[in-house]
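So you can see what is in the structure, the chains are spelled out below.
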Amino acid sequence: MTAPANANRCEPCVIIVFGATGDLAKRKIFPALHALHRRGFLHPATPIVGVSRRPMSDAELLASVHIGEGEGDADGLRAFAQSVRCIVFDHTEATLPGFVAAVDELASERGAGAARAAYFALPADAFEPTAALLVKGGFFHDDGWRRLCFEKPFGHDLASARELNAKITRHFDESSIYRIDHYLGKELVRNLMVMRFANPLFGQIWNSEFIDHVQVTIAETLGAEGRAGYYEKAGAVRDMLQNHLMHVLALAAMEAPKALDADSVRDAMVEVLRKMVPPVRGDFVLGQFGPGEVGGKPVPGYREEPGVDPSSLTETFVAVRACIDNPRWQGVPFFLRTGKRMGKKLAEANIVLRAQPGCLFRADRAVEGEPGPNVISIRIQPNEGISVEFTVKAPGEGLRLETAVMEHCHHCVYGLNTAEAYEILLHEFLVGDQTLFTRWDFVEASWRWVDALTAARGCEAAAFPNYVAGTSGPAEAEALLGDGRDWLVSRDILS
Ligand SMILES: NC(=O)c1ccc[n+]([C@@H]2O[C@H](COP(=O)([O-])OP(=O)(O)OC[C@H]3O[C@@H](n4cnc5c(N)ncnc54)[C@H](OP(=O)(O)O)[C@@H]3O)[C@@H](O)[C@H]2O)c1
């Protein structure tokens with residue numbers, strides 16, 4: 001009896017990863033392709049090509065890939081290894097015909113057909129030259145689909161993103177372009193839409209009548225970690241705010257899309273950005289970490305990290321108050337914050353509700369404690385889940401108020417081995433669903449808003465470093481919240 005076809009299996013194609021020797025390819029792309037292969041999602045005729053600029057064998061490429069222990073059995077790993085081929089290509093016109101011929105030969109050997117899925121795990125300045133070379137060399141074929149996946153950040157600011165997009169769209173339609181931000185593949189980020197639009201419990205209160213403010217935090221414990229060359233030019237604003245934080249904000253704030261197709265969802269997301277008020281001075285706080293301690297170990301300041309300019313003015317922290325000028329969000333600030341070398345690695349959104357009107361419990365002297373605000377927390381990582389804080393009466397005589405937590409522990413229910421973000425997104429890329437990829441108008445709108453922040457920067461950097469590694473960022477970020485609010489870290493009762 002033949003095994004039933006896997007409903008998630010992709011059509012045959014050649015998957016080609018440019019930048020196969022890079023950090024991202026080794027740590028994320030190839031492991032995700034391995035996971036898809038193990039789950040039977042890749043067609044057996046699909047070869048996976050890693051492109052290296054320097055001589056490298058298939059075995060050397062495979063040996064560099066980070067596949068953890070317990071991720072697949074020996075037979076599975078062998079089968080995956082048979083799908084992987086390293087092709088050396090120095091990205092020059094001189095060697096282009098040989099490169100294209102090698103890919104076509106592999107495709108016909110395996111029966112992979114004419115479709116090509118090209119992943120650009122390259123520095124952004126190599127995106128367009130590489131794409132243009134592929135067009136020139138006849139890499140794509142008219143009788144098969146073509147898809148190109150570009151890593152983030154897409155551009156450095158609005159002008160450079162526009163220039164890059166104009167060059168790429170000279171050769172390719174938007175329908176072939178997949179701009180990836182792996183945050184959109186994270187389970188709890190994807191859950192935001194379901195949570196809001198499938199549950200009246202949340203959907204009915206998701207507006208300025210009930211919500212006081214929203215906080216989104218992405219905190220990292222790492223420093224530049226060998227990526228100083230990139231980070232020095234990017235900083236926290238371009239590396240994290242323009243993409244991850246803006247995507248979470250858009251999903252948390254958008255109106256219900258008309259339908260669940262890629263364009264309806266992305267229309268609703270971009271509409272939020274169009275209504276965002278450009279930030280001015282006083283709406284944001286920038287920071288850079290100095291030496292400190294993380295996880296009980298001393299760590300150097302950013303300026304002392306290898307490859308970082310000792311007088312660097314690059315921000316490693318940003319907190320910003322964002323306002324959305326539409327009826328749903330009048331008067332509701334969205335506070336976005338991200339930083340390196342913070343005390344705890346976490347990503348979460350906290351939705352803080354307005355206090356209960358009236359003063360029933362506050363007025364009565366017999367009441368101990370006060371009702372706290374209801375807080376809905378979406379823990380993106382770690383310990384993925386959703387919790388709701390609410391006030392209860394503690395047991396015993398009298399009336400003592402305490403905060404209780406209702407908890408949906410996502411990883412307890414679904415296990416820790418649910419697909420990683422890159423695995424989800426690579427699968428969507430291979431089946432041709434663009435919902436979880438950034439459309440050009442979102443990129444454009446996000447850079448426009450971020451450019452306003454960058455333009456409003458003053459002499460903040462003169463005070464760098466202004467936070468101690470291992471803490472929650474500069475003190476000024478606390479004041480940004482105003483109205484007696486505090487930055488929250490969800491009560492993860494299960495961790
Ligand atoms: N690493 C991450 O965690 C991460 C996360 C999100 C997004 N990204 C994005 O992913 C992309 C790759 O990042 P990465 O960290 O993997 O960088 P990386 O470690 O520096 O690797 C870059 C890769 O691109 C190749 N390359 C560099 N310049 C090239 C050029 N001019 N033409 C052709 N190939 C070139 C390198 O080849 P050689 O080995 O021959 O130099 C290497 O294979 C970047 O756009 C980055 O912003 C990375």
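Whatever comes next refers back to the structure up there.
Reading guide: rules and limits
Residues numbered from 1 in each chain as written. Predicted model: local features only at pLDDT ≥ 70, side-chain atom pairs only at ≥ 80, totals over all residues. Heavy atoms only, no water. Pairing = 2+ DSSP bridges. Helix = DSSP H or I, 4+ residues; strand = E, 2+ residues; numbered from the N terminus. Axes fitted to C-alpha atoms, helices over the stretch in contact; angles between N-to-C directions. Contact = heavy atoms within 4.5 Å. Salt bridge = Lys/Arg side-chain N within 4 Å of Asp/Glu carboxyl O. Buried < 20%, exposed > 50% of the residue type's maximum accessible area, 1.4 Å probe, protein only. Near = heavy atom within 4 Å. Polar contact = N/O pair within 3.5 Å; in protein donor to acceptor, adjacent residues only side chain to side chain. Nonpolar A, V, L, I, M, F, W, Y, C, P; charged D, E, K, R; others polar. Parallel < 35°, antiparallel > 145°, perpendicular 65-115°, else oblique. Left-handed = near helix turned anticlockwise from the far one by under 90°. Phe/Tyr/Trp six-rings, centres within 6.5 Å; stacked < 30°, edge-to-face > 60°. Lys NZ or Arg CZ within 6 Å of the ring centre and 35° of its normal.

(A) Geometry of the sheet that holds strand 4 (residues 116–120). With parallel pairing, the six strands of this open sheet are ordered in space as 3-2-1-4-5-6. A strand with exactly one partner marks an edge of an open sheet, and here the two such strands are strand 3 (84–88) and strand 6 (177–179). Each strand axis lies, on average, 20° off the axis of its neighbour in the sheet, ignoring direction. Direction of pairing for strand 5 (residues 146–150) relative to strand 6: parallel, over a ladder of three bridges. In the strand pairing of strand 6, Cys149 is matched with Tyr178.

(B) Seen up close, the sheet that holds strand 14 (residues 346–353). Within the open sheet, the nine strands sit side by side as 8-12-13-7-14-16-17-18-15. Their pairing is mixed. Strands with a single pairing partner mark the edges of an open sheet, and in this sheet they are strand 8 (284–287) and strand 15 (367–368). Sheet topology note: the strand 7 (residues 211–219)/strand 14 ladder contains eight bridges and is antiparallel. From the neighbouring strand, Val216 faces strand 14, where its bridge partner is Ala349. Across the sheet, helix 7 (residues 187–198) lies against strand 16 (375–381) and strand 17 (385–393), angled at about 145° from strand 16, the strand it touches most. Across the sheet, helix 9 (residues 228–253) is in contact with strand 7, strand 8, strand 12 (317–322), strand 13 (334–339) and strand 16; its angle to strand 13 comes to roughly 145°.

(C) Layout of the pattern of salt bridges. Overall, the coordinates contain 32 salt bridges when judged by the stated rule. The partner of Glu220 in a salt bridge is Lys340, and the shortest N-O contact between them spans 3.1 Å. Here the residue Glu220 occupies a position in the loop between strand 7 and helix 9, and Lys340 occupies one in the loop between strand 13 and strand 14, the gap between them amounting to 120 residues. The shortest N-O distance in the salt bridge between Asp483 and Arg485 comes to 3.5 Å. Overall, Asp483 belongs to the exposed group, its relative accessible area being 70%. Of the residues examined, Arg485 reaches a relative accessible area of 15% and is grouped as buried. A single network of salt bridges, built from pairs that share partners, joins Asp263, Arg266, Asp267, Glu271, Arg274, Lys275, Arg439 and Asp441.

(D) Structural view of the site of the ligand. In the vicinity of the ligand lie 18 residues, with Thr21, Asp23, Leu24, Arg27 and Leu122 positioned nearest. Between Thr21 and the ligand, the recorded distance is 2.6 Å, taken from a side-chain N or O atom to an oxygen atom. Arg53 has a polar side-chain atom sitting 3.1 Å from an oxygen atom of the ligand. Tallied by class, residues from the shell around the ligand come to seven nonpolar, four polar and seven charged.

(E) Looking closely at the packing of helix 9 against helix 14 (residues 440–455). In contact at an axis separation of 10 Å, helix 9 and helix 14 are set at 125° when each is read in the N-to-C sense. Judged on the interaxial angle alone, helix 14 and helix 9 are oblique. Remark: the crossing between helix 9 and helix 14 carries right-handed chirality. Where helix 9 abuts helix 14, its residues Val237, Arg238, Leu241, Gln242, Met246, His247 and Ala250 lie against Phe442, Val443, Ser446, Trp447, Trp449, Val450, Leu453 and Thr454. Considered class by class, the residues forming the contact of helix 9 with helix 14 number ten nonpolar, four polar and one charged.

(F) Up close: the packing of aromatic side chains. Within this structure, the stated rule accounts for 19 aromatic pairs. Taking the centre distance of 6.4 Å and the plane angle of 85° together, the rings of Phe120 and Phe127 count as edge-to-face. Between Phe154 and Trp440 the ring centres are 6.3 Å apart and the planes differ by 65°, which places this aromatic pair in the edge-to-face class. Placement of the pair is Phe154 in the loop between strand 5 and helix 6 (158–169) and Trp440 in helix 14, with a sequence separation of 286 residues. For the pair Phe154 and Trp440, a shared accessibility class is recorded, and that class is buried. Here the aromatic cluster, defined as three or more aromatic residues joined through ring pairs, consists of Phe18, Phe89, Phe99, Phe120, Phe127, Phe139, Phe140, Phe150, Phe154, Phe172 and Trp440. The ring of Phe154 carries Arg179 above its face, with NZ or CZ at 4.9 Å from the centroid. Here the basic side chain of Lys186 rests over the ring of Tyr183, its NZ or CZ set 5.1 Å away from the ring centre.

(G) Region of interest: the packing of helix 7 against helix 9. Viewed as axis vectors pointing N to C, helix 7 and helix 9 meet at an angle of 10°, and their least axial separation amounts to 9 Å. As the angle between them shows, helix 7 and helix 9 are arranged roughly parallel. Contacts between helix 7 and helix 9 involve Val189, Leu192, Met193 and Arg196 from the first element and Val248, Leu251, Ala252 and Ala253 from the second. Of the residues assigned to the contact of helix 7 with helix 9, the class counts are seven nonpolar, no polar and one charged.

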